[in-house]
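Below are the chains, spelled out letter by letter.
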Amino acid sequence: MTQAEKEQDNGKEKEKEREKEKEREQRGVKRPIAPPIIPEPLQEQIQSNFVIVIHPGSRTLRIGRATDNIPVTVPHVIARRHKQSGQPRYEDAWLLRDGLNKPESNEQRQNGLKMVDQAIWSKKMSNGVRRTPVTAEQARAYNCKIRPAVLDSSSRVKWTNTAHHPPHLIGEEALYVKPTDSYNIHWPIVRGQLNVHSGPGGSMTAVLADLETIWSHVIQKNLEIPLKDLKYYRCILLVPDIYNRQHAKELVSMLLINMGFSAIIVHQESVCATFGSGLSSACVVDVGDQKTSLCCVEDGVSHRNSRLSLAYGGADVTRILFWLLQRAGFPYRDCQLSNRLDCQLLQHIKETLCHLDQDISGLQDHEFQTRFPDAPALLFQVRLGDEKLQAPMGLFYPSTFGIVGQKMTSLQYRSQGDSEDPHDELYLLATHSKQDQSSKSATDRKAISRPGGALDSDMSGQGGIGELSELPRGSGSSGAMQGETDIGAVQGECLMGVGEAEEPLSTHLSRKTAIMNQFEGKALGLDKAILHSIDCCASDETKRKMYSSILVVGGGLMFHGAQEFLLHRIINKMPPSFRRLVDNVEVITRPKDMDPRLISWKGGAVLACLDTTQEMWIYQREWQRFGVRMLRERAAFVW
């Protein structure tokens, strides 16, 4: 068969098929219509090297691309030049804080130290022998005779050069500004919150301007990203577990509107710590420089009732170490807590000498150097005994810090409402009650069949709605006015006990407020705070998970022997019922052998790479249009 004949046959077959299709259509049988190909909306592929992770701390800022192995770490401080000559100098305190100079402070410090000494003596060493206490007088007799040796006539450390009158200096440069220069020193974050106060540079606008200046400087200088290119970058911001809603809102506005990031994710430090350590569930204990926060995290969700923030941290340990060193005749006589360079020296001594290993006992000799601008480099000898153990034990006996009349414990606060977010939790609570009452009154109308019954039930229904809708609003606004915390049923039982449900609402609220004020005024030790946080979890199964995975992050507990010391105290103090149920209590201080100070930042970097986070991004145009409502919609935690 020739080629022409083949083509002729094919043409005949196609004609026959067309005729059959026409017959089917005439009989009403239609062939299936292929749907048109609609291109799916392109999911923007997020490149991790265009995501910047920011973890702002009270003393240290950690910032870097999500693809970086470790973040850039700089002191979170700024020096601003005086606008007028003759202006008085102002400097935010580093180790000093309110509540230290009260009449009761010294007595409280002495009582706390007695409890520390009792705890040291009561725990036996690994060889079964009790420690022999070493008195401060034994070390003092030696230290008072010590004179420093001159290592070099020049310390080779210089003050920051301010001859060209820069308007501001950041990080290390700010720390080394000469005290006589016309600059104010500001730490924009204190105890995890924005450092808003009544002094110079303490307004919300000034604090946000300081943060914007510091972050912009580090992004330009250290990450080498021009600020005009930030429109191509996204940002992940880590916030404390117990966050201030107003502060978080202002920070998001600053990053999206002022600095110009294209999108942002806001997430909590504790949840990011579990991501960074590779744990699905953990009781996260974040011991920072100025605060210690605790929270139980399960499958990426922070349990609201378990959140706890303690107003002490590593800086308080440094300050109590200085007090103990002075008792022992510290040979560097000119050391002062008001001098920021001396504060750096004390921080270094704490990090190198302090420990929580009870097997290390007796008097030991140590050396340290001082290298300050315009002074020779000096070498000091110092003999110390129990001071190196007593100082970090202040975290377990916080009365040792001598802080009087300050709020020491915080829980998650009820939202006080925001004019930009009318559908907040108070609105949802009220409308939920109305819906419940409406459905209940509808059921009542069906059940009651009598003349005029409908009118009566309508009236009673309206009255019920009014009373019930006012109840949550009233209790909410009362909480906001009095600073009441939203502790929930479980945490309420932890603090108040059970069996008081029959009392009137006003009595219940006033009693709850009194108990809360008393609870917040007390300084819980670290071990007791961990037990309290775990005890506020809803189920025994969750509590078991938390006891088997206590994750310690932050730089405030990086002492030799801290893991074993904390484990021993938790096991000894945990409820007897759980000692039988929990197979293994575990304290994790260096997951994957990582630096505990970087774990939360690393978790933020991991977050940037997850596909599940695509729905959490808040875009600049959305924030401009909807504002804080986007945090309620997109935040991975209950806003």
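Small disclaimer: the values here were computed from a predicted structure and weren't measured.

Cut-offs applied
- Residues numbered from 1 in each chain as written.
- Predicted model: local features only at pLDDT ≥ 70, side-chain atom pairs only at ≥ 80, totals over all residues.
- Heavy atoms only, no water.
- Pairing = 2+ DSSP bridges.
- Helix = DSSP H or I, 4+ residues; strand = E, 2+ residues; numbered from the N terminus.
- Axes fitted to C-alpha atoms, helices over the stretch in contact; angles between N-to-C directions.
- Phe/Tyr/Trp six-rings, centres within 6.5 Å; stacked < 30°, edge-to-face > 60°.
- Buried < 20%, exposed > 50% of the residue type's maximum accessible area, 1.4 Å probe, protein only.
- Arc of directions from axis to C-beta.
- Parallel < 35°, antiparallel > 145°, perpendicular 65-115°, else oblique.
- Left-handed = near helix turned anticlockwise from the far one by under 90°.
- Contact = heavy atoms within 4.5 Å.
- 1 Å grid on protein atoms, 1.4 Å probe; cavity = no way out; pocket = protein on both sides within 12 Å on 5 of 7 lines; lining within 4 Å.
- Points joined across faces, edges and corners; volume = space filled by probe spheres on them.
- Salt bridge = Lys/Arg side-chain N within 4 Å of Asp/Glu carboxyl O.
- Core = buried A, V, L, I, M, F, W, Y, C linked by side-chain atoms within 4.5 Å.
- Polar contact = N/O pair within 3.5 Å; in protein donor to acceptor, adjacent residues only side chain to side chain.
- Nonpolar A, V, L, I, M, F, W, Y, C, P; charged D, E, K, R; others polar.

### Notes on the sheet that holds strand 4 (residues 78–81)
Reading across from one edge, 6-4-7 is the order of the three strands in this open sheet, with antiparallel pairing throughout. Each edge of the open sheet is held by one strand with a lone partner, namely strand 6 (168–170) and strand 7 (183–186). Geometrically, the sheet is characterised by an average inter-axis angle of 20 degrees between neighbouring strands, direction not taken into account. Relative to strand 6, strand 4 runs antiparallel, the two sharing three bridges.

### A word on the packing of aromatic side chains
One pass over the full model with this rule turns up twelve aromatic pairs. Judged by centre distance (5.6 Å) and plane angle (50 degrees), the rings of Tyr312 and Phe401 are tilted. Here Tyr312 is found in the loop between strand 15 (308–310) and helix 8 (314–327), whereas its partner Phe401 is found in the loop between helix 10 (387–390) and strand 18 (409–410), with 89 residues between them in sequence. Both residues of the pair, Tyr312 and Phe401, belong to the buried class. Ring plane angle 65 degrees and centroid distance 5.1 Å describe the contact between Phe396 and Phe565, whose orientation is recorded as edge-to-face. With Phe396 in the loop between helix 10 and strand 18 and Phe565 in helix 17 (residues 562–573), the pair connects residues that are 169 residues apart, well separated along the chain. Taken individually, Phe396 and Phe565 each receive the classification buried, so the pair is uniform in this respect. An aromatic cluster of at least three residues, connected via ring pairs, comprises Phe330, Tyr332, Phe368, Phe372 and Phe380.

### Section: helix 16 (residues 540–547)
Every buried residue belonging to helix 16 is among Thr542, Lys543, Met546 and Tyr547, and all of these are buried. Buried residues of helix 16, seen end-on, are gathered within an arc of 135 degrees and therefore sit on one face of the element.

### Focus on the packing of helix 5 (residues 204–221) against helix 6 (residues 245–258)
Contact geometry for helix 5 and helix 6: axes closest at 11 Å, N-to-C directions at 50 degrees. Looking at the two axes, helix 5 sits oblique to helix 6. Helix 6 is crossed by helix 5, and the crossing has right-handed handedness. Seen from helix 5, the contacting residues are Met204, Leu208, Leu211, Glu212 and Trp215; seen from helix 6, they are Gln246, His247, Glu250, Leu251, Met254, Leu255 and Asn258.

### Examining empty space enclosed by the protein
In this structure the tally under the stated criterion is three cavities of 30 Å³ or more. Roughly 140 Å³ of volume is contained in the largest cavity. If you go around the largest cavity, you meet 14 residues; those closest to its centre are Gly192, Gln193, Val239, Pro240 and Leu251. Contributions of two or more residues to the lining of the largest cavity are made by strand 9 (193–194), strand 10 (234–239) and helix 6. It is helix 6 that contributes the most residues to the lining of the largest cavity, three residues altogether.

### So, the pattern of salt bridges
In total, this model carries 20 salt bridges according to the counting rule given. Of the charged contacts, one joins Asp210 and Arg80 as a salt bridge, the two residues approaching to 2.5 Å between their closest N and O atoms. In this pair, Asp210 sits in helix 5 while Arg80 sits in strand 4, placing the two residues 130 residues apart along the sequence. Since its relative accessible area comes to 3%, Asp210 is described here as buried. The exposure class assigned to Arg80 is partly exposed, which follows from its relative accessible area of 24%. We note a salt bridge from Arg569 to Asp527, for which the minimum N-O separation is 2.7 Å. Here Arg569, found in helix 17, pairs with Asp527, found in helix 15 (residues 526–535); they are 42 residues apart in sequence, far enough to count as distant. The exposure classification of Arg569 matches that of Asp527, with both residues buried. Connected via shared salt-bridge partners are Arg89, Glu91 and Arg340.

### Examining the pairing of strand 12 (residues 281–287)
With respect to burial, strand 12 is a largely interior element, seven of its seven residues being buried. A two-sided burial pattern is seen for strand 12, the buried positions comprising Ser281, Cys283, Val285 and Val287 on one face and Ala282, Val284 and Asp286 on the other. Connecting strand 12 to the antiparallel partner strand 13 (residues 292–298) that follows it, the hairpin turn spans four residues. The pairing of strand 12 with strand 19 (residues 550–553) spans four bridges and is parallel. Its bridge partner lying in strand 19, Val284 is registered against Leu551.

### Some thoughts on the sheet that holds strand 5 (residues 149–152)
Neighbouring strands of a sheet are bound in pairs by backbone hydrogen bonds; such pairs are parallel or else antiparallel. Read from one edge to the other, the open sheet built from three strands follows the order 5-17-16, with strand pairing classed as antiparallel. A single partner strand is all that each edge strand has here, and the edge strands are strand 5 and strand 16 (364–370). Neighbour-to-neighbour, the strand axes of the sheet open up by a mean angle of 30 degrees, direction not taken into account. Bridge analysis of strand 16 against strand 17 (residues 377–384) gives seven bridges, and the strand direction is antiparallel.

### A short note on the nonpolar core
Core analysis: the biggest nonpolar cluster contains 87 residues, and Val285, Leu356, Met393, Ile530, Ile550 and Leu557 have the highest contact counts within it. No other element matches helix 8, which puts eight residues into this core. With residues near it in sequence (within four places) discarded, Leu557 still touches Val287, Leu356, Leu395, Leu526, Val552, Ala562 and Leu566. Grouped together as the second largest cluster of nonpolar side chains are 43 residues, Ile78, Cys235, Tyr243 and Ala248 included.

### Focus on the pairing of strand 3 (residues 72–75)
As paired strands, strand 2 (residues 60–65) and strand 3 are joined by four bridges and run antiparallel to one another. Directly across from Leu61, in strand 3, lies its bridge partner Val74. Here strand 2 folds back onto strand 3 in antiparallel fashion, the turn holding six residues.

### Examining the side chain of Ser105
One can find Ser105 in helix 2 (residues 105–122). At 3.1 Å, the side chain of Ser105 and the backbone oxygen of Leu100 are in polar contact. In terms of polar contacts, Ser105 uses its side chain to reach the backbone carbonyl oxygen of Gly402, at 3.1 Å. Here Ser105 is in contact with Gly99, Leu100, Gly402 and Val404, once residues within four sequence places are set aside.

### Some points on the layout of surface pockets
In this structure, the second largest pocket encloses a volume near 920 Å³. Lining the second largest pocket we find 37 residues, and of these Arg59, Thr60, Arg62, Asp289 and Gln347 sit closest to its centre. When contributions to the lining of the second largest pocket are tallied by element, the ones reaching two or more residues are strand 1 (51–56), strand 2, strand 3, helix 4 (172–175) and helix 9 (340–353). At five residues, helix 9 tops the list of elements feeding residues into the lining of the second largest pocket. Of the residues in the lining of the second largest pocket, the class split is eleven nonpolar, 16 polar and ten charged.

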